[in-house]
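Spelled out, the chains give:
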Amino acid sequence: MVRAAPLRLTCLASLAGLPAVVAPLLRVRSLPVGLCALGARGTDRALLDFTASTTESRSSIHG
């Protein structure tokens, strides 16, 4: 049930031909909190780079 909302967003993005990524960030009261990012057509690499830098910076703060 927790995954339903991000899956709806990534599914809609895929149907529209847009890149989408969902990545875990942290936990709050033992519940997962993540990042769901959508990009414009053709921005796949930029979206992956953004997601990687965001998740790396969070893990260095909380890791």
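Please refer to the structure placed before this passage.
Position numbers for residues start from 1 in each chain and track the written sequence from start to end. It should be noted that, the model being predicted, local features are given only for residues of pLDDT at least 70 and side-chain atom pairs only at 80 or more, the latter also being counted only at that level, while totals for whole chains, interfaces and linings use all residues. Note: side-chain values were computed over all heavy atoms of the structure, leaving out hydrogens and water.

### Things to note about the overall build of the protein chain
A tally of regular secondary structure across the protein chain gives 2 helices and 2 strands. Listed N to C, the secondary structure of the protein chain is α-β-β-α in terms of helices and strands. Out of the 63 residues belonging to the protein chain, those deemed buried represent 17%. When the accessible area of the protein chain is evaluated, it comes to approximately 4,800 Å², of which 63% is carbon and sulfur surface. Numbering of helices and strands runs from the N terminus, with a helix taken as a DSSP run of H or I at least four residues long and a strand as a DSSP run of E at least two residues long. Working definition: with a 1.4 Å probe on protein chains only, accessible area under 20% of the residue-type maximum means buried, over 50% means exposed, and in between means partly exposed. All accessible-area figures derive from a Shrake-Rupley calculation using a 1.4 Å probe, and residue coverage is judged against the displayed protein chains alone.

### Description of the pairing of strand S1 (residues 20–28)
When DSSP finds two or more bridges between a pair of strands, those strands are recorded as paired. Sheet topology places S1 next to strand S2 (residues 31–38); 8 bridges connect them, and they run antiparallel. Residue pairing for S2: Ala20 is matched across the bridge by Leu38.

### Considerations on the pattern of salt bridges
In the sections that follow, a salt bridge refers to a side-chain nitrogen of Lys or Arg positioned within 4 Å of a carboxyl oxygen of Asp or Glu. If you walk through the whole model with that rule in mind, you get 1 salt bridge. In this structure, the salt-bridge partner of Arg45 is Asp49, at a minimum N-O distance of 3.4 Å. Here the residue Arg45 and the residue Asp49 both occupy positions in helix H2 (residues 44–62), the gap between them amounting to 4 residues, near one helical turn. Judged by its relative accessible area of 58%, Arg45 is exposed. Residue class for Asp49 comes out partly exposed when judged on its relative accessible area of 41%.

### Brief notes about the environment of Thr55
Among the structural elements, Thr55 can be located in helix H2. Judged by relative accessible area, Thr55 falls into the partly exposed class, the value being 21%. Separated by 29 residues in sequence, Thr55 and Leu26 have C-alpha atoms that sit 9.1 Å apart. Whether two residues are in contact is decided by their heavy atoms, any of which lying within 4.5 Å being enough. Not counting residues up to four positions away in its chain, the partners in contact with Thr55 are Ala23, Pro24 and Leu25.

### Some points on the environment of Leu38
You can see Leu38 is positioned in strand S2. Classification of Leu38 as partly exposed rests on a relative accessible area of 46%. Between the C-alpha atoms of Leu38 and Ser14, which are 24 residues apart in sequence, the distance is 9.8 Å.

Interpretation in functional terms is not warranted from these geometric data alone.
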